[in-house]
Amino acid sequence: MAERRDGLRSLRRRLRDDEQDGPVYPAHWEADIALRDGSAAHLRPILPEDAEALQEFHQRQSEHSRYLRFFAPMPRLSPRDLERFTHVDHDDRVAFVVLVGQEIIAVGRYDRIDARSAEVAFNVSDHRQRTGLASVLLEHLAAAARERGINRFTAEVLPENTKMLKVFTETGFDVERMLDDGVVMVSFRIDPTARSLAVMAEREHRAEARAMERLLHPRSVLLVGVSSRADSVGGRFLTALEASGYEGAVHLVARDALELRGYRVWSKITDVPGTVDLAVIALRPEACRAAIEKCAEIGVRSVVIPTEGFPDSAEGRQLQRDLVATARRLGLRLLGPGSLGFLRTGEDPISLSLAPAMPRPGPVALAGQSSALSAMLLAGVDSRGIALHEFVGVGNRADVSLNDTLQHWEDEKHVGVIGLALESMGNPRKFTRIARRLTRTTPLIVLRPPGSESHLPPGHDVRRSTLPRRAIDQVLDSAGVVQATGVDHLLDIVDAIGRQGLPLGDRVGLLSNTAALGASLRGAADMAGLRIVADNRSVPLSPDPRLLQRAFTSMAALGEVDVVVAGILDAQRGDLVEILRQMAQIARHSEVVLLVCLVSSVERVAAVQSQVRADSALPPVHATPYSVVRTSAGMLRAAQRPRVDEEEPAQREDIDRAAARRLVEEALDRSGEDGTTLPPEEGAALLRHYGIDVLPARTVHHEEDALAVAEEIGYPLALKSSDPVLRHRADLGGVRLGITDAAQLRHALNEMRTDLAFSSAPLELQAMAPAGVPMVVRSVEDPSLGPVVSLSVAGDATDLLDDIAYAIPPFSERAATELVDAPASAVKLRGRGGLPPADRPALADLVVRIGLLAEDVPEASSLELYPVLVAQEGLTVVSARIHLRPAPNRTDGARRVLAGPAPG
């Protein structure tokens, strides 16, 4: 198997390197894919050396399946057919195979009919039906066809082939069907639509959730590398498994024992009897790949690798990539390497983790990446007594990622709040897409440690974003994510929500038994932006804590607050825990959330928190006003999640995407590898295809030319340098405005020639635009996030203060309006100092159109409209600058792929 795998790699390299001997092999079309049953597979373009495997695939198919595919009995493929099917040009004729191991389980292909259309066909293994293979193949074929200029697929299907007809009709494309001479003729455009993308997202969700279900609910477990040493990683996993109450079958593989803790120990993986669902491989890095191959031989479906050390060297990092490629080719999913494992409480408990103890069952779900962050989460769960449903440590997230955990927990009825601690985001665009959907029903709290975007942990193989951290912060905020500032903050919020649920509103009451403590609470609350509707600092400091209980009852029972933050200066007398228990009961009956700040001796606070840890009915107790208010603010932000935008992306009927596509392709055909900056007239034409007009500018080279152009345009005029640095900088002498006649024009020309003698850029003349608020609208194609649109008020102060708003397109009308209002300086658009308000709806419409362009044209690596003058009515785009590059392979495009580097 290894020799055949290495031979295929060598062939793919030859096809890539030697263009003269045949078509160039499109390596970027290779992908690992998730199937509906939770398994994985590898998809790639067909190769000539696949002929034997293709023949074996064909002969394994039933006679009925062969008839549905070829409309005739065909027991074997002829040598001529094999030659035709396996020798393609990856342009007019494209074919993909899907493999598990070296076995082909599906084939999909298209053959070009004319310049813009192609005929498509599929053949899926009989024993792999209903796993979503045909729909995944269709997505990948459509993506390849669009890359080759094809926009329509056709197919001929026998009427009795209902499964294939269903594949086409349920794609989300607008499918046309016609019966002709006993054959159903199918035709549809393959441009992604809102419906097709929604269908793809739902299928992706089902497949990835199912993969996690298989991983986290094994009926049998195999521990590889268990040692008689109690402190070994494998031994600690076995200890946790035994302590959790797991009732499934347990198998051990080790070299140094025949029996361990009452279990029989096998010397080889292939000797293990029966079916094994999950294997934990606690071996040195270089031994893990062979162990995975052996696990696949006995039917293992999921693997956990706690082993560290993969990212310590270039060889180790490549070994990690090979490990993932091997697992996926064999149909397995992998958690790790460097994973702290997972655990689940409740009716079907299991712990394959390094958790210090089994937590109490509850509604909290937690996941972390590195072993350090995961260990801090588990320690915090133990110290706080957090009621946990599941924990997952994804380690280096080489295969299974935090996105997969979200897909799983979205459907998990026992999960009431989710907390994630992450150091990297392999696919932040997909993360925010999932989060936007998930936070409609379940609060999501996320910790991104400071500096994590610039200092990635070893082994995290991700694309780095070129945008500032606050850009991703804003994107996460727009998806309804609540961001924590540290592990303690994250755990405080999920613990509070897990104990009491979310507040029903944002009305906050403060209660304290000393004025000084009350003032501290109020200061922290004001700084956090809480809406305080009640502030009672008049409760006397008394040895009798029942006074505080009565004051709380008076505040909570009136129905005028949703959250009460109680500050208690401890008088060191009375049963404080019993009072807290009674207050918690009142809070539940009043539908009020209660959080407590206890100021007392270290021993007293620790004693109270110890009892809170053991009793989920008690409210969280904090030691400082800042901590308790910070937790309250996090709960309130989580409660606002229904305000996440649920509108469909806005569309515009006057957009000519076909003309825009032609312009972009023609421009890139003339460019080099680094792309090209569109000339002003071509940039204006591209924008015009999206309904955006740019104020015309005319280049002038001498005085007579300028005077002639001025007569054509008409006064008043603006004269500016075409130099990108100077064209909007009046302070650097690059702009002259309000030129009213020929004499002023001559004077301005002479001045600018003198002042700008250092620049060879020609000058431009433009008509004066109507006065308005100057804005800047930009889009970039980010390596990590994909298309991102930003908006700000024009000026140096905005850039220096970083008062820029960011968002991911496409935009709904509401999302576009929110982006317009997001910068702090955008208050200028509402009118200030006697000035009238500007046309914000016109600016929002421009944002929608730029978002559509950025989404449709990944080749637009950067776009800038500057300035955009927003008047009382309408706006004027004064100038535009657009740079094109060859389209990147987006991390979250119109085809389903598993994250990670493409193997091979």
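Computed from a predicted model, the values in this text were never measured in an experiment.

Draft legend 1. Up close: the overall build of the protein chain. From N to C terminus, the protein chain includes 27 helices and 38 strands. Taking 2.2 N^0.38 as the reference for a compact globule, 904 residues should give roughly 29 Å; the C-alpha atoms of the protein chain span a radius of gyration of 32 Å, in line with that estimate. For the protein chain, the spread of C-alpha atoms along the principal axes amounts to about 95 × 85 × 55 Å. The 904 residues of the protein chain split such that 55% are buried. Partitioning the contacts of the protein chain with sequence separation of at least 6, the portion at a separation of at least 24 is 72%. Put simply, the protein chain shows about 37,800 Å² of open surface, and 51% of that area lies on carbon and sulfur atoms.

Draft legend 2. Quick peek at the sheet that holds strand β14 (residues 302-304). Strand order in this open sheet of seven strands is β11-β12-β10-β9-β13-β14-β15, and the pairing throughout is mixed. With partners counted over all chains shown, the strands left at the sheet margins are β11 (259-260) and β15 (333-335), one partner each. The sheet contact formed by strand β10 (residues 249-253) and strand β12 (residues 263-266) spans two bridges and is parallel. Across the sheet, L252 pairs through a bridge with V265, a residue of β12. Across the sheet, helix α8 (residues 233-244) lies against β9 (220-224), β10, β12 and β13 (278-281), angled at about 155° from β9, the strand it touches most.

Draft legend 3. Spatial organisation of the sheet that holds strand β18 (residues 361-368). Ordered by their spatial adjacency, seven strands build an open sheet running β17-β16-β19-β18-β20-β21-β22, and the pairing between neighbours is mixed. Where the open sheet ends on each side, the last strands, each with one partner, are β17 (350-353) and β22 (482-484). Strand-to-strand twist in this sheet, taken as the mean axis angle between neighbours without regard to direction, amounts to 20°. Inspection of the sheet shows β18 paired to strand β19 (residues 388-393) by six bridges, in the parallel sense. Looking at β19, one finds that G368 is bridged to G393. Taken strand by strand, helix α7 (residues 194-216) contacts β16 (341-344), β17 and β19, and its axis lies near 85° from that of β16. The strands touched by helix α13 (residues 428-438) are β20 (417-421) and β21 (444-447); relative to β21, the strand with the most contacts, the crossing angle is about 150°.

Draft legend 4. Fine view of the nonpolar core. Ranked by size, the top nonpolar core spans 53 residues in total, and within it L223, F342, L352, I418, L420, F431 and L444 carry the most contacts. If we skip the residues at most four places from it in the chain, L223 touches G234, F237, L238, H251, L252, V253, V280 and L352. Membership of the second largest hydrophobic core comes to 48 residues, among which are A860, L865, V868 and I882.

Draft legend 5. Local environment of the packing of helix α11 (residues 371-384) against helix α15 (residues 487-500). Taken N-terminus to C-terminus, the directions of α11 and α15 make an angle of 45°; their axes are 10 Å apart at the nearest point. With respect to α15, the element α11 is oriented oblique. As for the relative orientation of α11 and α15, their crossing is right-handed in sense. Contacts between α11 and α15 pair L373, M376, L377, G380, V381 and R384 from the former with V487, D488, L490, L491, D492, D495 and R499 from the latter. Residues belonging to the contact of α11 with α15 are distributed by class as follows: seven nonpolar, one polar and five charged.

Draft legend 6. Seen up close, the pairing of strand β30 (residues 717-721). For β30, the buried fraction is high: five of the five residues fall into the buried class. Alternating residues of β30 divide into L717, L719 and S721 and A718 and K720, and every residue in both groups is buried. Where β30 meets strand β32 (residues 763-767), five bridges bridge the pair, whose relative direction is antiparallel. Residue L717 lies in a different strand from β32, and its bridge partner there is A767.

Draft legend 7. Molecular detail of the pattern of salt bridges. Evaluation of the coordinates by the stated rule reveals 60 salt bridges. Between R613 and D382 there is a salt bridge, with its nearest N and O atoms 3.0 Å apart. With R613 in helix α19 (residues 602-614) and D382 in helix α11, the pair connects residues that are 231 residues apart, well separated along the chain. Note that D492 is salt-bridged to R384, the shortest N-O span being 3.1 Å. With D492 in helix α15 and R384 in helix α11, this pair connects stretches of sequence that are 108 residues apart. In this pair, the class of D492 matches that of R384, namely buried. Linked by salt bridges that have partners in common, D32, R328, R333, D399 and D404 make up one network.

Draft legend 8. Local environment of the environment of A528. Looking at where A528 falls in the secondary structure, it is placed in helix α16 (residues 515-528). Here the alpha-carbon distance between A528 and L444, two residues 84 residues apart in the chain, equals 19 Å. In contact with A528, other than residues within four places in its own chain, are V629 and A633.

Draft legend 9. Fine view of the packing of aromatic side chains. In the structure shown here, the tally under the stated rule is seven aromatic pairs. Ring geometry for W29 against F96: centres 5.8 Å apart, planes inclined by 85°, an arrangement best described as edge-to-face. With a gap of 67 residues between them, W29 in the loop between α1 (2-17) and β1 (31-34) and F96 in strand β3 (residues 93-100) connect regions that are remote in the sequence. For the pair formed by W29 and F96, the shared burial category is buried. Geometrically, the ring pair formed by F153 and F188 is edge-to-face, given 6.2 Å between the ring centres and 85° between the ring planes. Of this pair, F153 sits in strand β6 (residues 152-157) while F188 is found in strand β8 (residues 183-189), placing the two residues 35 residues apart along the sequence. Judged on exposure class, the residue F153 and its partner F188 are both buried. One aromatic cluster is present, built from ring pairs that chain together Y110, F122, F153, F168, F173 and F188. Directly above the ring of F70 sits R69, whose terminal nitrogen or CZ lies 4.6 Å from the centroid.

Draft legend 10. Structural view of the packing of helix α21 (residues 657-669) against helix α22 (residues 680-689). Two numbers describe how α21 lies on α22: the axes approach to 8 Å, and their chain directions differ by 155°. In terms of orientation, α21 and α22 fall into the roughly antiparallel class. For the pair α21 and α22, the crossing hand works out as left-handed. On the side of α21, the interface is formed by A659, A660, L663, V664 and A667, while α22 contributes E682, A685, L686 and H689.

Draft legend 11. Structural context of a negative patch on the surface. A cluster of acidic side chains, namely E119, E156, D180 and D181, defines a negative patch on the protein surface. Looking at the secondary structure, you find E119 in strand β5 (residues 117-124). Relative accessible area serves as the criterion here: at 34%, E119 is assigned to the partly exposed category.

Draft legend 12. Just the environment of A614, in detail. Relative to the assigned elements, A614 resides in helix α19. Along the sequence, A614 and R152 sit 462 residues apart, while their C-alpha atoms lie 63 Å from each other.

Thresholds, definitions, all that
Residues numbered from 1 in each chain as written. Predicted model: local features only at pLDDT ≥ 70, side-chain atom pairs only at ≥ 80, totals over all residues. Heavy atoms only, no water. Helix = DSSP H or I, 4+ residues; strand = E, 2+ residues; numbered from the N terminus. Rg over C-alpha atoms; globule rule 2.2 N^0.38 Å. Buried < 20%, exposed > 50% of the residue type's maximum accessible area, 1.4 Å probe, protein only. Contact = heavy atoms within 4.5 Å. Areas by Shrake-Rupley, 256 points an atom, 1.4 Å probe, with all protein chains shown as cover. Pairing = 2+ DSSP bridges. Axes fitted to C-alpha atoms, helices over the stretch in contact; angles between N-to-C directions. Core = buried A, V, L, I, M, F, W, Y, C linked by side-chain atoms within 4.5 Å. Parallel < 35°, antiparallel > 145°, perpendicular 65-115°, else oblique. Left-handed = near helix turned anticlockwise from the far one by under 90°. Nonpolar A, V, L, I, M, F, W, Y, C, P; charged D, E, K, R; others polar. Salt bridge = Lys/Arg side-chain N within 4 Å of Asp/Glu carboxyl O. Phe/Tyr/Trp six-rings, centres within 6.5 Å; stacked < 30°, edge-to-face > 60°. Lys NZ or Arg CZ within 6 Å of the ring centre and 35° of its normal. Patch = residues over 30% accessible without salt bridge, like charges linked within 9 Å, V, L, I, M, F, W, Y side chains within 5 Å. Lys, Arg positive; Asp, Glu negative; His and termini not counted. Charge placed at Lys NZ, Arg CZ, Asp CG, Glu CD.

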